[in-house]
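Observations on the three-dimensional arrangement
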Amino acid sequence: MKIFKIALIGSGLTMDEHLRALKDIKKFKFILSGVYSRQHKNALKLKKKFKIKEAYKSIDEMYYKTKADIVIVVISAENVKKVILKISKYDWKIFTEKPLGINFKETLDIKKKIGFKLKDIFIALNRLYYQSTNSALKIIKKDKSKRIINIYDQERIYENKVLSKNLMYTNSVHLFCFCQILARGKLKKIITIKKNKEYLLKELIFTSGDIIFFHSIWNRPFPWKIEISLKNFFLILSPLEKLFIRNSNSNKFFEVKNNNDDKKYKPGFKKQLEDFLGQTLSNTKKYNFDYYFDVVKIIKAYYD
């Protein structure tokens, strides 16, 4: 069995969550070969906590000394483009947290500059790996009727003005990625229904006849939420890691229970990493850059 050598860039709380899930994966063998962080003291702390072989003071040094197969990148959104462009010259398979660019322009720039390397990039969108998400997909595939979908996005402006201006790309991308997996066919048309400073509602019409009503709610308390109406079922994801179903013969909802992986770790993290390692062996990517770029194009069209 292949033993993956894994390098790490970043030492924050989300990296910590990824490593907790990674350390419990039994399907694959791996070595945590090295870690780099802008704050070297934080890299040293992570090294000690997760028994990483070495903490490095530069990405270049880590690449040449570890000879790693894989790099996991978990850093602040505004630094992703710079780091991805830098490490694209290395022979690494890349697992990176979203976003791949804080806006459409940055994502397009990455696409143009490292087109040859895009096949080696896996963008982590953990909501797609929720057990609730995959349970919902199994149910809706059995019902061939038209899908009427409501997606509710809530964002709150905060101190970082650059990121606040681009929250639709840096955070709402988690919800826009559901457009690609819930609606069938290609996006055909977007119609604006309501627009003001606090609320934006648009209808997304797909070639299959499926419709998504996408609600963007700003600076008001509201949970991320998805509703899916079919001929025989009504599904609610709220919060997204929980799935509730009502069928046409009942007036009650029942909850689809998750197993321990989405309770023990940050939901979706373990399954996502297992998928990435498996796809790295088979040299395929389920949610690759092309998929991500299609999502980013929907965000741009929605807000234009």
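Residues numbered from 1 in each chain as written. Predicted model: local features only at pLDDT ≥ 70, side-chain atom pairs only at ≥ 80, totals over all residues. Heavy atoms only, no water.

**Considering the overall build of the chain**
Worth spelling out the cut-off: A run of DSSP states H or I qualifies as a helix once it reaches four residues; a run of E qualifies as a strand once it reaches two. Both are numbered from the N-terminal end. Radius of gyration here uses only the C-alpha atoms, and the compact-globule reference equals 2.2 Å multiplied by the residue count raised to the power 0.38. With a 1.4 Å probe rolled over the protein chains alone, any residue whose accessible area is under 20% of its type maximum counts as buried; one over 50% counts as exposed, and the rest are partly exposed. Note on contacts: a residue pair is in contact if any heavy atoms of the two residues lie within 4.5 Å.
Each helix and strand in the chain was counted, giving 12 helices and 14 strands. Relative to the 2.2 N^0.38 estimate, which gives 19 Å for 304 residues, the radius of gyration of the chain is 20 Å and therefore close to what a compact globule would have. Here the C-alpha coordinates of the chain stretch approximately 60 × 40 × 35 Å along the principal axes. By residue count, 54% of the 304 residues in the chain fall in the buried class. Once local pairs closer than 6 in sequence are excluded, the contacts in the chain between residues at least 24 apart make up 66%.

**A word on the packing of aromatic side chains**
Threshold: When two rings of Phe, Tyr or Trp (its six-membered ring) have centres within 6.5 Å they constitute a pair, described as stacked for plane angles under 30 degrees, edge-to-face for angles over 60, and tilted for the intermediate range.
As enumerated under the stated definition, the model contains 19 aromatic pairs in all. Judged by centre distance (5.1 Å) and plane angle (75°), the ring pair of Y63 and Y64 falls under edge-to-face. For Y63, a relative accessible area of 19% translates into the label buried. Given a relative accessible area of 54%, Y64 falls into the exposed group. Aromatic pair Y63 and W92: ring centres 5.2 Å apart, planes at 80°, arrangement edge-to-face. You can see Y63 sitting in helix α3 (residues 59-66) and its partner W92 sitting in the loop between α4 (77-87) and β5 (93-97), a full 29 residues away along the chain. Classification of W92 by relative accessible area gives buried; the value is 1%.

**With respect to the sheet that holds strand β1 (residues 3-9)**
Defined as follows: Pairing between strands requires that DSSP locate at least two bridges from one strand to the other. Between the N-to-C directions of two axes lies an angle of 0 to 180 degrees, each axis being a line fitted to C-alpha atoms and, for a helix, fitted only over the stretch in contact.
Read from one edge of the open sheet, 6 strands run β3-β2-β1-β4-β5-β6, paired in parallel fashion. Both edges of this open sheet fall to β3 (55-56) and β6 (121-124), since each of them pairs with a single strand only. In terms of strand pairing, β5 meets β6 through 4 bridges, oriented parallel. When the bridges of β6 are listed, F95 appears paired with F122. Against the sheet, α3 touches β1, β2 (29-36) and β3, its axis set at about 150° to β2. Each of β1, β4 (70-73), β5 and β6 is contacted by α4, which is oriented at about 175° to β5, the strand it contacts most.

**What about the packing of helix α9 (residues 173-182) against helix α12 (residues 289-303)?**
Going by this rule: Here the angle decides the label: under 35 degrees means roughly parallel, over 145 means roughly antiparallel, 65 to 115 means roughly perpendicular, and every other value means oblique. Basically, the charged four are Asp, Glu, Lys and Arg, the nonpolar ten are Ala, Val, Leu, Ile, Met, Phe, Trp, Tyr, Cys and Pro, and anything else, Gly included, counts as polar.
Between α9 and α12, the shortest axis-to-axis distance is 9 Å and the interhelical angle comes to 105°. If you check the angle between α9 and α12, you find them roughly perpendicular. From α9, V173, F176, C177, C179, Q180 and I181 reach across to α12, where they touch Y291, Y292, D294, V295, I298, I299, Y302 and Y303. Of the residues belonging to the contact of α9 with α12, the class tally is 12 nonpolar, 1 polar and 1 charged.

**Considering α9**
Counting buried positions along α9 gives 9 out of 10 residues, so the element sits mostly inside the fold. Within the sequence span of α9, burial applies to V173, H174, L175, F176, C177, F178, C179, I181 and L182.

**Describing the pattern of salt bridges**
Heads up, the rule is: The rule for a salt bridge is simple: a side-chain nitrogen of Lys or Arg has to be within 4 Å of a carboxyl oxygen of Asp or Glu.
Per the counting criterion, the structure on display carries 21 salt bridges. One salt bridge in this structure joins D24 and K264, with 3.4 Å as the shortest N-O distance. Of this pair, D24 sits in the loop between α1 (13-22) and β2 while K264 is found in helix α10 (residues 261-264), placing the two residues 240 residues apart along the sequence. Of the residues examined, D24 reaches a relative accessible area of 21% and is grouped as partly exposed. What makes K264 partly exposed here is its relative accessible area of 48%.

**Looking at the packing of α1 against helix α2 (residues 40-50)**
Quick reminder of the rule: In this scheme the crossing of two helices becomes right-handed for a clockwise turn of the near helix relative to the far one and left-handed for an anticlockwise turn of less than a right angle.
For the pair α1 and α2, interaxial distance at closest approach is 12 Å and the crossing angle is 20°. Between α1 and α2, the crossing angle belongs to the class labelled roughly parallel. Read as a crossing pair, α1 and α2 show a hand that is right-handed. On the side of α1, the interface is formed by M15, D16, L19 and R20, while α2 contributes L46, K49 and F50.

**Concerning the sheet that holds strand β10 (residues 211-218)**
Judged by pairing direction, the sheet is mixed, and its 8 strands sit side by side in the order β8-β9-β10-β7-β11-β12-β13-β14 without closing on themselves. Of all the strands in the sheet, just β8 (187-195) and β14 (254-256) have a single pairing partner and so form its edges. Going from strand to strand, the sheet's axes swing by 20° on average, the running direction of each strand aside. Inspection of the sheet shows β8 paired to strand β9 (residues 199-206) by 7 bridges, in the antiparallel sense. Bridging from a neighbouring strand, K195 pairs with L200 of β9. Running at roughly 165° to strand β12 (residues 233-237), helix α6 (residues 131-142) makes contact with β11 (225-229), β12, β13 (243-247) and β14 of the sheet. Contacts from α12 reach β7 (148-155), β8, β9 and β10, with the element oriented near 125° to β9.

So far we have only geometry, and geometry alone does not tell us how the molecule works.
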